[in-house]
Amino acid sequence: MYQTLHHFEENSMSFGPCITANDALRARCKILLLLLESTIIQMNSDTSGAIRISRVKMRDLSASWVWENPMDVHHDQSTSSETVVDSFQSGIRSGENAEHYSDGHQDDRIPYLYNSSMSPVKRMRQIARKERRDLRTAQLIQQDKETDNQMAQAAIERSKSLDTTVKRKYNIWRRDFVHPHSDSILKLMQDQMIMAKAYASIAKSKNESELYSALMAHSNASQIAVGEAHSDAELHPSALDQAKAMGHILSRAKDKLYDCDIVARTFRAMVQSTEDKVTAMRKKTAFLIQLAAKTIPKRLQCLPLQLAADYYIQGYYSKQDLDKEKLEDPSLYHYAIFSDNVLATSVVVNSTVLHAKEPEKHVFHVVTDKLNFAAMRMWFLVNPPMKATIQVENIDDFKWLNSSYCSVLRQLESARTKEYYFKVNHPTTVSAGEDNLKYRNPKYLSMLNHLRFYLPEVYPKLDKILFLDDDIVVQKDLTPLWSVDLQGMVNGAVETCKESFHRFDKYLNFSNPKISENFDPNACGWAFGMNIFDLKEWKKRNITGIYHRWQDMNEDRTLWKLGSLPPGLITFYNLTYPLDRGWHVLGLGYDPALNQSEIENAAVIHYNGNYKPWLDLAVSKYNSYWSRYVMFDNHYLQFCDIRQ
């Protein structure tokens, strides 16, 4: 036993003064393992005086065995028969003396640990855990130092790239002016004028009349120099000198008037005033757009007048429609177009026939009002569609369509409706009447707009019919629509909802229980403009009766405001089959950012909105899709100066 411990002591001393914490830990673990396999020889004498020798493995010792320091003067020597010789303790201390912290201090905690009543295994584990914690602490401290160094270095690099010469926006020596293609002078002068207005307001409140006058004078001069310019190249040659002069007066104003709180309040007031002006301008813009949308250009007024005059002068009124048997043949492809616009209707018919594979099987049913009947009929008599059949009818000839049967006609005859649509409380300003101008659009009052709900009555012998608006263009053969299985539905249409847009809650008043209890606000909306209707299923489900019932309930306009789409959504609720979106692309009358490939690949494109293709309001990049089907070489169009 003494030899074994002596061997341990020599090994522990051989670690040397350069021993590391990890090396010392590993050495101690090896010592512990060897100790556990060592054998302790114990000699005892019994009561008879006989000497007995016994051997025991270190690992078999119980937790009550402790290592004691034989040098301890307070230790009782009489109990040394159950202790282990102190040479092991000396060997351990020799190893401990070889350990030093990185700061040069010797670890003096080990003797205390050895003096505690703890088993060797637990003691060694405690020492190992503590050394691991110390090592991890040192590593974390080193990482923090490295991170701090990296951040400091990055801050130094960023500071090198800072341009400390850049002052305020009205400083003429900004680096922006170095760039030859920038509009920095224009932007600078615009910023200067804003600052000048702010300081002028403050100067006026503080009775600084001289400074106020100087600021306003320079502001007016800058406004003149800027004019209508949109870039530096369009500025007046004196603009740069004016910007410099404005910079000087602003510096004076800043030195004399600048107060952070006052300037902030002034800018808030300016922002509020600007927002009020923008709101007023938006109302005026909406008013003018609505006005322009419902105003017929002079050249379009000329066309029906010339056609109507020739219709009676040249005796075309006596001509009869040809191919009458085709008008009621359910095996052919029938279209319904209800319009008072001759030019628009001609584009719909021309584009449809041009893409039809068998144009002789296509029949167009055009219904217009009394005012435009002669012009519409005259146009198609002198410009018949290639091989296709066309019928033009006057809505006033439908004697069954009267106020006793039709809810809309009955409501239009009421004094309350006339007051709502025509007088609108006599608005005296543009902003007051802007909200109601849309409701006074003639199309919402025309029965042509509501005739779509009476298709079986208008065409009683047909099984299916394709309804087309007059502001659409056909770009593909539409005959496959008659083969679409509507799965028992009445209406085949393209849905228009995208995420939260164009759902029922946009069109209907869900605060009214009649609406909220019968319809889902998140139900997907769809579009009129290209709809395939199953007239057999229509009659079976009494669609016209459903329309009448809801139209009567909305006499006070509390369920929806206007138009034919809201009652259409209600009437065909859960009776609409969604067609593929490629059949019908909408938005060309209001959205200039539509996907070009979707437009070109669509079977039908729809100019729904105020920017109709025959108006000057039209989105110019969409004009070519419509104008290619206009007969600009026609002598009526040339006479009325309708040009591409």
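The structure displayed is predicted, hence computed values, not measured ones.

Draft legend 1. Representation of the overall build of the chain. Within the chain, the secondary structure is distributed over 25 helices and 12 strands. Looking at the chain as a whole, 42% of its 644 residues are labelled buried. Partitioning the intrachain contacts of the chain with sequence separation of at least 6 by distance along the chain shows that 72% fall at a separation of at least 24. Approximately 36600 Å² of the chain is accessible, and the part contributed by carbon and sulfur atoms is 52%.

Draft legend 2. Looking closely at helix α9 (residues 260-294). Given a rise of 1.5 Å per residue, 35 residues ought to cover 51 Å, and the 51 Å separating the end C-alpha atoms of α9 matches this to within 8%. Within the sequence span of α9, burial applies to Val-263, Thr-266, Phe-287, Ile-289 and Gln-290. Of the residues flanking the start of α9, the one acting as N-cap is Asp-259, its side-chain oxygen 3.2 Å from the backbone nitrogen of Asp-261.

Draft legend 3. Representation of the sheet that holds strand β10 (residues 576-578) in the model. Pairing within the open sheet is mixed, and its 7 strands lie in the order β5-β4-β3-β6-β9-β8-β10. Lying at the two open borders of the sheet, with one neighbouring strand each, are β5 (389-394) and β10. Sheet twist, expressed as the mean angle between neighbouring strand axes with direction ignored, is 25°. Relative to strand β4 (residues 362-368), strand β3 (residues 333-338) is paired through 6 bridges, and the arrangement is parallel. Across the sheet, the residue bridging to Ala-336 is His-365, located in β4. Sitting on the sheet, helix α12 (residues 370-382) touches β4 and β5, and the angle it makes with β5 is about 165°.

Draft legend 4. Focus on the packing of aromatic side chains. Within this structure, the stated rule accounts for 24 aromatic pairs. Plain terms: the ring middles of Trp-614 and Trp-626 are 6.0 Å apart, the flat faces sit at 50° to each other, and that makes the pair tilted. Within this pair, whereas Trp-614 is found in the loop between β12 (604-606) and α24 (623-627), its partner Trp-626 is found in helix α24, the two being separated by 12 residues in sequence. Residues Trp-614 and Trp-626 agree in their burial class; the two are buried. We note Lys-254 situated over the ring of Tyr-258; from NZ or CZ to the ring centre the distance is 5.6 Å. Seen from the ring of Phe-528, Arg-452 lies directly overhead, with NZ or CZ sitting 4.6 Å from the centre.

So, how was this worked out
- Position labels on residues start from 1 in each chain and follow its written sequence.
- Local features in this predicted model are restricted to residues whose pLDDT is 70 or higher, and side-chain atom pairs enter the listing and the counts only when it is 80 or higher, whereas totals over whole chains, interfaces and linings include all residues.
- Side-chain metrics in this entry use all non-hydrogen atoms of the structure; hydrogen atoms and water are not considered.
- Each helix is a run of H or I in the DSSP string that is no shorter than four residues. Each strand is a run of E no shorter than two, and both are numbered from the N terminus.
- Using a 1.4 Å probe on the protein chains alone, a residue whose accessible area is under 20% of its type maximum counts as buried, one over 50% counts as exposed, and one in between counts as partly exposed.
- We call two residues in contact when some of their heavy atoms are within 4.5 Å.
- Accessible surface area values rest on a Shrake-Rupley calculation with a 1.4 Å probe, where residue burial reflects the displayed protein chains alone.
- By this rule the span expected of a helix is its residue count minus one, scaled by 1.5 Å.
- Think of a polar contact as two N or O atoms within 3.5 Å of one another; within protein, one of them needs to be a possible hydrogen donor and the other a possible acceptor, and neighboring residues in sequence only count if both atoms come from side chains.
- Strands are labelled as partners when DSSP assigns at least two bridges between them.
- Axis definition: a line fit to C-alpha positions, over the contact stretch in the case of helices; interaxial angles, taken between N-to-C directions, run 0 to 180 degrees.
- Pairing of aromatic side chains here covers Phe, Tyr and the six-membered ring of Trp, requires ring centres within 6.5 Å, and sorts the geometry by plane angle: under 30 degrees stacked, over 60 edge-to-face, intermediate tilted.
- Two limits define a charge over a ring: the Lys NZ or Arg CZ must be within 6 Å of the ring centre, and within 35 degrees of the ring normal.

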